[in-house]
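Analysis of the macromolecular model
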Amino acid sequence: MIDLRQISSLKKITEKGSYLLIGSMVSDRKIESSRLIKEKIPLIAAVANNIGDPQVRNRGTIGGSLSHADPSGDWGPCFLALRGSAVAVSVKGKREINSDHFFTGPFSTALKEGEILEKVMFQIPSGASGYSYIKIERKAGDFATASAAVQLSLDKQGRCSYIGIGLGAVSDRSIRAVKAEKKVVGKQITDDIISEAAESGSQETDPYDDMIRGSAEFKREMIKICIKKALTEAYKMAEGLS
Amino acid sequence: MRKGTPEMNKALKYSIKVRVNGREIITKVDSRLLLSSFLRENLELTGVHVGCDSSNCGACTVLIDGDSVKSCTVFAVQCDGSEITTIEGLSTNGNLHPLQTAFREKHGLQCGFCTPGMIIQGSWLLANKKAETEDQIREGISGNLCRCTGYQNIVDAIMYARDMVSEREDADGE
């Protein structure tokens, strides 16, 4: 066990070109209240605000949560929806791990022995963009029963130019709903398209039955609702800006 | 003090310097000793209640450098160089903290098990201006469970303390 507390560079939030860089030891509290994050990528602040309870957010960090890789964690869906990347550092040097390759199983990541997660990089969305994070929880502060993070942009013709859908608690790891994204990207978004995407996203999941948060069948239904709500909210927000 | 298993006694000991309720403490701790155990067993601050030992119930909430945290989910060694406040450290010169007065006045406790955590969390809400509305207070104590389900009086007590503090501040300002 190694204490990283004294490495101040791990606690910084910086803007570099079209990216936001968030140090792995930045607390959820700092993220939810960061003006820079709220202005540049508000989805990240919204997700932070949904984590656990105030004491957990005072202590928890984005890097700690991503490295812990709980399949029901909140940061996974956000990381995937924004197609972020993780910067891992070791005595051998640095490497970037794309969010699509970061989670390798339950509580497992692509980080290798001797590597620490230094920071997470997110591209700042451009144009008319909207976002939403919908999480169904059994009680206040619980891990998700099902959750969906959506980031969406529209081009000048009102067609979807970017869509990221990240899902939590419905597989052995956080997953990106790639097929659902394909139903939406490049199109004028309608209620039908949103329903189709929610259906498709639900089929991409592989939830497990559990005694506390419900059956696999229940979670498949719940994730459909999460995707539908998140897509609708994100689209309305983007449309309002375009 | 806990004796521990022979394996635990062989665990590495680390020197830490912490300030707990204003008192400086320099000691050695096992790397895996929880802050809640350190406070309760090594320092006999038994106002730090341990309800679940898994970051759910919030009874063990303390302030580390002003931030409210659940002490069952922090290692003592991680607090080296920090300032810690427990329920025992809230009163000043024998005068109750406004929240302690408010919990008494408004019957904000029944069995009392959750109370230290509720009051510490309440103090963090007040200090950070996160107790402006009833909704904000309810969200603010969402990590603290009261199994007597006496939430309404707890919320009332925090509102009462908030108003007491702001009246005092107004009076001081004049």
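None of these values were measured; they are calculated from a predicted model. (Residues numbered from 1 in each chain as written. Chains lettered and ligands numbered in written order. Predicted model: local features only at pLDDT ≥ 70, side-chain atom pairs only at ≥ 80, totals over all residues. Heavy atoms only, no water.)

Quick word on the packing of aromatic side chains
For the coordinates displayed, the defined rule picks out four aromatic pairs over all chains. Note on Phe102 of chain A and Phe103 of chain A: the rings are 5.2 Å apart at their centroids and 85° apart in plane angle, and the pair reads as edge-to-face. We classify Phe102 of chain A as buried; its relative accessible area is 0%. By relative accessible area, Phe103 of chain A is classed as buried at 8%. Each member of the aromatic cluster is reached from another via a ring pair, and the members are Phe79, Phe102, Phe103 and Phe122 of chain A. Directly above the ring of Tyr208 of chain A sits Lys219 of chain A, whose terminal nitrogen or CZ lies 4.3 Å from the centroid. Just above the ring of Tyr160 of chain B sits the side chain of Lys106 of chain B; from NZ or CZ to the centre is 4.8 Å. (Phe/Tyr/Trp six-rings, centres within 6.5 Å; stacked < 30°, edge-to-face > 60°. Buried < 20%, exposed > 50% of the residue type's maximum accessible area, 1.4 Å probe, protein only. Lys NZ or Arg CZ within 6 Å of the ring centre and 35° of its normal.)

Notes on a negative patch on the surface
A cluster of like negative charges, contributed by Glu167, Glu169, Asp170 and Asp172 of chain B, occupies part of the molecular surface. With respect to the helices and strands, the residue Glu167 of chain B is situated in helix α6 (residues 151-173). (Patch = residues over 30% accessible without salt bridge, like charges linked within 9 Å, V, L, I, M, F, W, Y side chains within 5 Å. Areas by Shrake-Rupley, 256 points an atom, 1.4 Å probe, with all protein chains shown as cover. Salt bridge = Lys/Arg side-chain N within 4 Å of Asp/Glu carboxyl O. Lys, Arg positive; Asp, Glu negative; His and termini not counted. Charge placed at Lys NZ, Arg CZ, Asp CG, Glu CD. Helix = DSSP H or I, 4+ residues; strand = E, 2+ residues; numbered from the N terminus.)

So, the pattern of salt bridges
Under the defined criterion, the tally for this structure stands at 26 salt bridges over all chains. Ionic pairing is found between Glu139 of chain B and Arg57 of chain A, a salt bridge with its closest N-O pair at 3.1 Å. One end of the pair, Glu139 of chain B, is in helix α5 (residues 134-140); the other, Arg57 of chain A, is in helix α4 (residues 54-59), on a second chain. Look at Glu139 of chain B and you get partly exposed, because its relative accessible area is 39%. For Arg57 of chain A, a relative accessible area of 3% corresponds to the buried category. A salt bridge links Asp74 of chain A to Lys135 of chain A, with the nearest nitrogen and oxygen atoms 3.1 Å apart. One end of the pair, Asp74 of chain A, is in the loop between α5 (62-68) and α6 (75-81); the other, Lys135 of chain A, is in strand β8 (residues 128-137), with 61 residues separating them in the sequence. When salt bridges that share partners are traced, they join Arg29, Glu32 and Arg57 of chain A together with Glu139 of chain B into one network.

Describing the domain arrangement of chain A
Residues and elements named next belong to chain A. Segmenting chain A into domains produces domain 1 (8-123) and domain 2 (128-241). The C-alpha centroid of domain 2 is placed 20 Å from the C-alpha centroid of domain 1. Contact with domain 1, which involves 24 residues of that partner, is made by 26 residues of domain 2. Summed over the shared surface of domain 1 and domain 2, the number is three salt bridges. At the boundary of domain 1 and domain 2, one finds eight residue pairs in polar contact (both at pLDDT 80 or more). Secondary structure elements with two or more residues in the side of domain 1 that touches domain 2: α3 (42-49), α6 and β5 (103-105). The leading source of residues in the side of domain 1 that touches domain 2 is α6, at five residues. Across the side of domain 1 that touches domain 2, the residue classes break down as 13 nonpolar, seven polar and four charged. (Domains from an automatic or database assignment. Contact = heavy atoms within 4.5 Å. Polar contact = N/O pair within 3.5 Å; in protein donor to acceptor, adjacent residues only side chain to side chain. Nonpolar A, V, L, I, M, F, W, Y, C, P; charged D, E, K, R; others polar.)

Observations concerning helix α9 (residues 216-241) of chain A
Residue and element names in this part refer to chain A. Spanning 26 residues, α9 covers 37 Å between terminal C-alpha atoms, matching the ideal 38 Å at 1.5 Å per step. What α9 keeps buried is the set Ala216, Lys219, Met222, Ile223, Lys224, Cys226, Ile227, Ala230, Leu231, Ala234, Tyr235 and Ala238. In the core, the buried residues of α9 are packed alongside β8, β9 (144-154), β10 (160-168), α7 (178-184) and α8 (191-203). (Expected span 1.5 Å × (residues − 1).)

Section: the interface of chain B and chain A
Counting from both sides, the interface comprises 25 residues of chain B and, opposite them, 13 residues of chain A. Overall, the association of chain B and chain A removes approximately 1,400 Å² of surface from exposure, summing both partners, and the carbon and sulfur fraction of that is 47%. Three residues stand out in chain B for area buried against chain A, namely Gln78, Trp124 and Ser142 of chain B, and they jointly supply 27% of the buried area on that side. Linking Asp53 of chain A and Lys70 of chain B is a salt bridge whose minimum nitrogen-to-oxygen distance equals 2.7 Å. The tally of links from chain B across to chain A stands at eight residue pairs in polar contact (both at pLDDT 80 or more). Those elements that place two or more of their residues in the side of chain B that touches chain A are β3 (61-64), β4 (67-70), α4 (115-127) and α5 of chain B. Ranked by residue count, the leading element in the side of chain B that touches chain A is β4 of chain B, at four residues. Taken together, the residues that form the side of chain B that touches chain A break down as seven nonpolar, 12 polar and six charged. (Buried area = accessible area lost by both parts, 1.4 Å probe.)

Regarding the sheet that holds β10 of chain A
Residue and element names in this part refer to chain A. A sheet is described by the order of its strands in space; here four strands give the open sequence β8-β9-β10-β11, paired in antiparallel fashion. Pairing within the sheet leaves two strands with one partner each, and these edge strands are β8 and β11 (175-176). Two elements, β9 and β10, share eight bridges in a ladder whose sense is antiparallel. Counterpart to Gln151 in the pairing with β10 is Gly164. With respect to the sheet, α3 is in contact with β8 and β9, its orientation differing from that of β8 by roughly 15°. (Pairing = 2+ DSSP bridges. Axes fitted to C-alpha atoms, helices over the stretch in contact; angles between N-to-C directions.)

Considering the sheet that holds β4 of chain B
Residues and elements named next belong to chain B. Pairing in this open sheet of five strands is mixed, and the strands run β2-β1-β5-β3-β4 from one edge to the other. Bordering the open sheet on either side are β2 (23-30) and β4, each of which pairs with just one other strand. This sheet shows a mean twist of 40° between the axes of neighbouring strands, independent of strand direction. The pairing of strand β1 (residues 13-20) with β2 spans eight bridges and is classified as antiparallel. Bridge pairing in β2 places Ser15 opposite Lys28. Of the strands in this sheet, β3, β4 and β5 (83-85) are in contact with α4, which crosses β3 at around 35°.

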